[in-house]
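# Observations on the three-dimensional arrangement
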Amino acid sequence: MCLGVPGKIVSVEGTLATVDFWGVKREVRLDIVDEPVAPGDYIMNHVGFAIRRIPPDQIDETLALYDELLKAMSEDDLMAADVRGEINATEEKKRG
Amino acid sequence: MNAPQGLVNGKIALKHGAGGRAMRELIRDVILKGAAPASFDGVGPDAMDDGAALKVGDQWLVITTDSYVINPPFFPGGDIGRLAISGTVNDLAMMGATEPLALTCALIVEEGFARGDLERVRDSIHSACREARTAIATGDTKVMGNGELDGIVLNTAGVAFTRRVVTDRALKPGDRIVVTGTIGDHGLAVMAHRHELGFENQLRSDVAPLNGLVAAALGAAPEGVVAMKDPTRGGLASALHEMAEKSGVGVVLEEAKIPVRDEVRAASELLGIDPLHAANEGKAVIGVRPEALDAVLAALRAHPLGLSAEVIGTCVAERPGFVILDTGFGRRLVTEPEGELLPRIC
Amino acid sequence: MAEPRADTLRFQDPATARRMADALARAVGEIGRAPVSVMHVCGSHEQAIAKYGLRAVFPRGLNVIMGPGCPVCVTDLPEVDEAVALAGQGVRIFTYGDMLRVPGTVKSLADAQAEGAKIDVVYSVGHAVQLARKSADECVFFASGFETTAVATAAVILASPPANFSVLSAHKYIPPVMEIVAEMPETRVEGFLAAGHAATITGWGIFERFVERHSLPVVVAGFEPLDILAGLLTLVELVRDGRAEVFNAYPRCVTREGNRRAQEVLWKVFKPTGGRWRGIAHVPNGNLRLRDEFASVDARRRFTIDLTKLWDYAPPSLAQSCVCGDIMAGIASPTDCPLFGRECVPDNPVGACMVSTEGTCRIWHQYGGHLNLGEENR
């Protein structure tokens with residue numbers, strides 16, 4: 001419902017920032033962003049407004065969370081993975 | 001399956017000119033109704049190809065015509081003049097006719113249009129002709145009252161001879177799909193400019209005559225190039241749908257292989273637009289027999305307009321008429337855009 | 001610290017996505033019955049699922065239902081009619097692109113535009129204000145979107161817009177409709193995937209009472225392929241373990257409290273009121289309307305909007321037979337609807353599910369249902 005695209009702040013002038021979206025730069029308004037931002041900060045843009053300053057460590061935290069999820073699944077899944085591996089190998093042979 | 005997209009309340013809508021399914025149905029169901037039988041051998045209007053091909057002796061005379069309306073008439077990377085020449089030269093080239101004998105150019109101008117702007121359009125018409133190694137043989141000029149049309153309308157027609165006609169319907173399972181360069185440049189540039197989206201100067205239209213590039217591909221593998229189309233309105237999505245439908249094959253694309261400029265990708269993400277839906281005015285989609293692929297690709301990449309040419313997909317026997325995109329995560333059907341592309345917020 | 005572009009791409013790593021999909025299939029299998037039905041309430045989730053082709057990798061036993069998450073689709077006919085009527089009264093209308101072709105009772109804004117009304121598509125409400133400053137006309141911003149988008153509208157209203165600028169609010173508030181869906185007697189939804197960007201504003205804490213009341217888990221998820229798969233995996237695990245909890249799977253944007261400053265701006269300008277959502281139901285507190293203090297920029301109070309003229313030509317309403325609400329609740333298919341493919345088609349939609357390009361009915365109409373795309377040769 002709400003198309004959001006992350007970008008990196010290039011410069012700030014009052015409540016306006018120039019944001020680099022890795023390809024194009026565009027002005028983004030800072031009226032409603034949750035925290036003060038400075039050049040180099042990452043933000044989430046929605047309809048030309050920054051709605052969140054993305055703390056860089058939160059990017060890593062998200063990745064760590066996903067690793068956790070997969071680890072939790074795979075630890076008790078080693079047997080199943082072996083079985084699946086064998087099935088895949090057989091299918092590969094069939095196809096080959 | 002697809003219900004016919006009837007005319008809303010018996011009236012023509014903008015989507016009927018947008019290059020997608022609605023337009024093809026309008027042409028088939030309304031415009032071609034009751035036409036006299038073809039008076040010639042070859043590719044006629046019922047083929048709904050880029051142009052017609054008439055057998056003349058042992059050669060084909062290829063002929064095409066197109067009208068150009070674009071708002072705004074000047075945009076980053078080009079203008080309506082360059083567009084009108086490139087579009088017609090490219091339609092000839094897509095039929096395999098890469099040496100246009102001559103073009104015609106008809107001009108309809110709104111009362112009050114600036115003379116200086118008209119001169120700019122004229123200059124880019126002539127420079128695009130030089131690039132395509134052709135010239136205007138005849139033309140026509142009309143002026144209409146203020147408000148009776150939007151600025152300027154151009155119509156161009158072109159004629160060329162070729163020994164071999166390439167249609168948009170000869171794809172077979174196993175054929176490879178090649179694009180001659182990055183996708184979406186023209187559509188995103190014009191859209192950003194029209195809606196004042198704040199990054200217009202970072203995007204440029206790719207409008208260019210392609211006959212030299214196509215000649216290189218055809219020269220490298222005369223029998224190996226089996227189908228061509230320029231993905232203009234409706235973008236790569238519509239061009240491939242049309243080719244797949246007419247050829248009776250399915251097309252499976254690999255998203256990672258489709259060349260898209262960083263700035264076009266970023267703009268299309270911000271605006272919620274699929275680059276596959278955005279128009280191109282300097283690109284061709286080429287169907288190539290697998291054994292000719294290397295030669296065609298090398299020839300394209302050796303040409304300045306084909307540096308980022310890429311193999312993006314393969315034709316399959318399953319699901320004729322469908323275009324399937326392998327995203328690397330899963331697969332989805334590519335849809336055809338309906339009407340003008342609009343920025344979205346959801 | 002790596003550049004976030006690279007990180008964004010890491011959220012798009014196909015190999016990790018495949019492992020996630022495997023884990024998801026296994027978690028669904030462990031529940032031991034099919035289908036397991038979960039609902040997302042976010043058009044952008046559906047867009048992302050479609051864009052990345054994720055439906056092709058969802059396990060067969062998992063039914064991911066598209067809920068009432070497209071604010072444009074659920075905008076009721078009379079709200080579109082108000083904008084069309086204002087345009088007919090000579091007012092200049094600014095709108096987001098999503099709204100342009102959405103039909104009202106008689107016509108869409110695109111139809112009005114074709115008849116000569118002054119209608120401009122904008123990407124941002126900020127741009128609408130800039131255009132109003134340059135215009136001699138009365139300018140109305142037809143404001144659509146959920147709370148995330150409403151915050152931007154509110155910010156503009158607080159930043160002294162020009163005197164010729166006002167707002168016609170069709171903004172919607174998502175939490176109340178989740179209540180409606182959860183309370184539908186036949187609902188089969190076993191958990192919700194909540195919208196990451198709406199929750200960026202409201203915070204995930206807002207779902208705690210919902211979870212308690214309905215004993216259904218809620219997972220807040222982002223929009224990259226890994227975000228969506230991780231969100232679904234967590235949700236299915238919560239369903240499997242019978243745990244009705246809120247889980248935040250989008251911590252880089254969502255906190256428990258949310259964006260306090262944005263909330264302040266939002267509730268200063270808007271108040272929630274009840275209203276009909278197209279094809280669904282009357283949703284108490286589902287609409288966001290301007291507070292009395294902002295009457296001067298409220299187009300509904302600034303203008304006398306004459307709808308009767310428009311409705312003189314209105315065809316009898318078909319909406320009563322539309323089963324969109326049931327489709328979004330996961331208890332009906334498009335083919336169960338008497339209007340599907342007859343009175344209700346993409347050109348002339350009746351219900352919300354046919355309006356959106358990602359709507360269930362639209363997709364079924366275009367492709368004859370969800371296709372299994374795993375079978376073709378490469």
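Conventions used here
Residues numbered from 1 in each chain as written. Chains lettered and ligands numbered in written order. Predicted model: local features only at pLDDT ≥ 70, side-chain atom pairs only at ≥ 80, totals over all residues. Heavy atoms only, no water. Phe/Tyr/Trp six-rings, centres within 6.5 Å; stacked < 30°, edge-to-face > 60°. Helix = DSSP H or I, 4+ residues; strand = E, 2+ residues; numbered from the N terminus. Buried < 20%, exposed > 50% of the residue type's maximum accessible area, 1.4 Å probe, protein only. Lys NZ or Arg CZ within 6 Å of the ring centre and 35° of its normal. Contact = heavy atoms within 4.5 Å. Buried area = accessible area lost by both parts, 1.4 Å probe. Salt bridge = Lys/Arg side-chain N within 4 Å of Asp/Glu carboxyl O. Polar contact = N/O pair within 3.5 Å; in protein donor to acceptor, adjacent residues only side chain to side chain. Pairing = 2+ DSSP bridges. 1 Å grid on protein atoms, 1.4 Å probe; cavity = no way out; pocket = protein on both sides within 12 Å on 5 of 7 lines; lining within 4 Å. Points joined across faces, edges and corners; volume = space filled by probe spheres on them. Nonpolar A, V, L, I, M, F, W, Y, C, P; charged D, E, K, R; others polar. Core = buried A, V, L, I, M, F, W, Y, C linked by side-chain atoms within 4.5 Å. Disulfide = S-S within 2.5 Å. Expected span 1.5 Å × (residues − 1). Domains from an automatic or database assignment.

### Regarding the packing of aromatic side chains
Tallying each qualifying case throughout the model produces seven aromatic pairs over all chains. Ring centres 6.1 Å apart and planes at 75° place the aromatic pair Tyr-66 of chain A and Phe-11 of chain C in the edge-to-face group. Of this pair, Tyr-66 of chain A sits in helix α1 (residues 56–75) while Phe-11 of chain C sits in the loop between α1 (4–10) and α2 (14–31), each in a different chain. On the basis of relative accessibility, which here comes to 2%, the residue Phe-11 of chain C falls in the buried class. A ring pair is formed by Tyr-173 of chain C and Trp-267 of chain C, whose centres lie 5.2 Å apart and whose planes are at 90°; its orientation type is edge-to-face. Of the two residues, Tyr-173 of chain C is situated in the loop between β6 (165–169) and α8 (174–183) and Trp-267 of chain C in helix α12 (residues 260–269); the sequence distance between them amounts to 94 residues. Seen from the ring of Phe-74 of chain B, Arg-120 of chain B lies directly overhead, with NZ or CZ sitting 3.8 Å from the centre. The cationic tip of Arg-252 of chain C hangs over the ring face of Phe-11 of chain C; the distance from NZ or CZ to the ring centre is 3.8 Å.

### Some points on the interface of chain B and chain A
The partner chain A presents 13 residues to the 16 residues of chain B that form the contact. Buried area between chain B and chain A, both sides added, is near 1100 Å², and the carbon and sulfur share of it is 66%. Per-residue buried area on chain B facing chain A is highest for Gln-202, Leu-270 and Ile-345 of chain B; these three make up 45% of the total on that side. Between the two partners, chain B and chain A, sit zero salt bridges. Taken together, chain B and chain A are joined by three residue pairs in polar contact (both at pLDDT 80 or more).

### With respect to the sheet that holds strand β3 (residues 59–68) of chain B
All names here are of chain B. Here we have six strands laid out as an open sheet, ordered β1-β2-β3-β8-β6-β7, and mixed in their pairing. Two strands bound the open sheet, and with one partner strand each, they are β1 (42–43) and β7 (136–144). Relative to β7, strand β6 (residues 100–110) runs parallel, the two being bridged by eight bridges. Bridge assignment links Thr-104 to a residue of β7, and that residue is Thr-138.

### Regarding the environment of Ala-217 of chain B
Residues and elements named next belong to chain B. Mapped onto the elements, Ala-217 comes out in helix α5 (residues 211–220). Its relative accessible area of 1% is what places Ala-217 among the buried residues. Apart from the residues lying within four places of it in its own chain, the contact partners of Ala-217 are Val-225, Ile-286, Val-296, Ala-299 and Leu-300.

### What to know about empty space enclosed by the protein
All names here are of chain C. Under the criterion given, the structure shown has three cavities of 30 Å³ or more. Volume-wise, the largest cavity comes out at about 80 Å³. Along its surface, the largest cavity is lined by 13 residues, and Cys-322, Cys-324, Cys-337, Cys-344 and Cys-361 are the ones closest to its centre. Counting only elements with at least two residues in the lining of the largest cavity, the list comes to α15 (324–328) and α16 (352–355). Here the lining of the largest cavity is composed, by residue class, of twelve nonpolar, one polar and no charged. Of the voids in this model, the second largest cavity is the one considered here, and its volume is about 60 Å³. Together, Met-66, Gly-67, Pro-68, Gly-69, Cys-70, Cys-73, Val-74, Met-328, Ala-352, Cys-353, Gly-359 and Thr-360 line the second largest cavity. Residue composition of the lining of the second largest cavity, grouped by class: eight nonpolar, four polar and no charged.

### Quick notes on the nonpolar core
By size, the foremost hydrophobic cluster in this structure holds 159 residues, and its most contacted members are Leu-86, Ile-93, Phe-141, Phe-165 and Phe-192 of chain C. No other element matches helix α11 (residues 225–240) of chain C, which puts ten residues into this core. If we skip the residues at most four places from it in the chain, Phe-192 of chain C touches Met-39, Val-41, Met-178, Val-181, Ala-182, Phe-210, Leu-216, Pro-217, Val-218, Val-219 and Leu-235 of chain C. Residues Ile-9 and Val-33 of chain A together with Ala-239 and Ile-273 of chain B belong to the second largest nonpolar core, which totals 52 residues.

### Re the environment of Ala-93 of chain B
Residue and element names in this part refer to chain B. Looking at the secondary structure, you find Ala-93 in helix α2 (residues 80–94). A residue is classified by how much of its surface remains accessible, and Ala-93, at 0% relative accessible area, is buried. Placed 25 residues apart in sequence, Ala-93 and Tyr-68 show a C-alpha to C-alpha distance of 18 Å. Once residues lying within four places of it in the same chain are set aside, the contact partners of Ala-93 are Thr-98, Asn-211, Val-214 and Met-228.

### Remarks on the interface of chain A and chain C
Listed per partner, the contact involves 41 residues of chain A and 57 residues of chain C. Counting the surface lost from both chain A and chain C, the interface buries some 4200 Å², and carbon and sulfur atoms represent 65% of this. At the junction of chain A with chain C, the criterion picks out zero salt bridges. One can count 13 residue pairs in polar contact (both at pLDDT 80 or more) joining chain A with chain C. When contributions to the side of chain A that touches chain C are tallied by element, the ones reaching two or more residues are β1 (5–13), β3 (25–29), β4 (42–46), β5 (49–54), α1 and α2 (78–95) of chain A. For the side of chain A that touches chain C, the element with the highest residue contribution is α1 of chain A, accounting for twelve residues. Of the residues in the side of chain A that touches chain C, the class split is 24 nonpolar, six polar and eleven charged.

### Structural notes on the state of the cysteines
All names here are of chain C. Considering all chains together, one arrives at one disulfide over all chains under this definition. Residue Cys-70 pairs covalently with Cys-73 via a disulfide, S to S 2.3 Å. On the S-S bond that ties Cys-70 to Cys-73, the torsion sits near 75°, and the link is right-handed. Of the residues examined, Cys-70 reaches a relative accessible area of 11% and is grouped as buried. Note on Cys-322: no disulfide assigned, nearest cysteine sulfur contributed by Cys-324 at a separation of 3.9 Å. A residue is classified by how much of its surface remains accessible, and Cys-322, at 17% relative accessible area, is buried.

### Overview of the pattern of salt bridges
All names here are of chain C. This model, assessed by the stated rule, comprises 50 salt bridges over all chains. Put simply, Glu-245 and Arg-243 hold a salt bridge, and the shortest N to O gap is 2.9 Å. When its relative accessible area of 31% is taken as the criterion, Glu-245 is described as partly exposed.

### Remarks on the pairing of strand β2 (residues 16–20) of chain A
All names here are of chain A. Taking every second residue as pointing to the same face, the buried face of β2 carries Ala-17 and Val-19, while none of Leu-16, Thr-18 and Asp-20 on the other face is buried. Sheet topology places β1 next to β2; five bridges connect them, and they run antiparallel. Residue pairing for β2: Ser-11 is matched across the bridge by Thr-18. Counting the residues that bridge the hairpin from β1 to β2 gives two residues, and of these Gly-14 lies at a positive phi of roughly 65°.

### Let's talk about helix α4 (residues 77–88) of chain C
Residue and element names in this part refer to chain C. Helix length check: α4 (twelve residues) gives 16 Å between terminal C-alpha atoms against 16 Å at 1.5 Å per residue, within 8%. Within α4, ten of the twelve residues are buried, which leaves it mostly tucked inside the rest of the structure. Among the residues of α4, those classed as buried are Leu-77, Glu-79, Val-80, Asp-81, Glu-82, Ala-83, Val-84, Ala-85, Leu-86 and Ala-87. Just downstream of α4, Gly-90 is the residue with a positive phi angle, here 90°.

### What about the domain arrangement of chain B?
Residue and element names in this part refer to chain B. With domains assigned, chain B is organised as domain 1 (1–37), domain 2 (50–162) and domain 3 (176–333). On a C-alpha basis, the centroid separation for the pair domain 2 and domain 3 is 23 Å. Each partner contributes to the interface: domain 2 provides 24 residues, whereas domain 3 provides 22 residues. For the domain 2 and domain 3 pair, buried surface summed over both sides reaches about 1900 Å², with 60% attributable to carbon and sulfur atoms.

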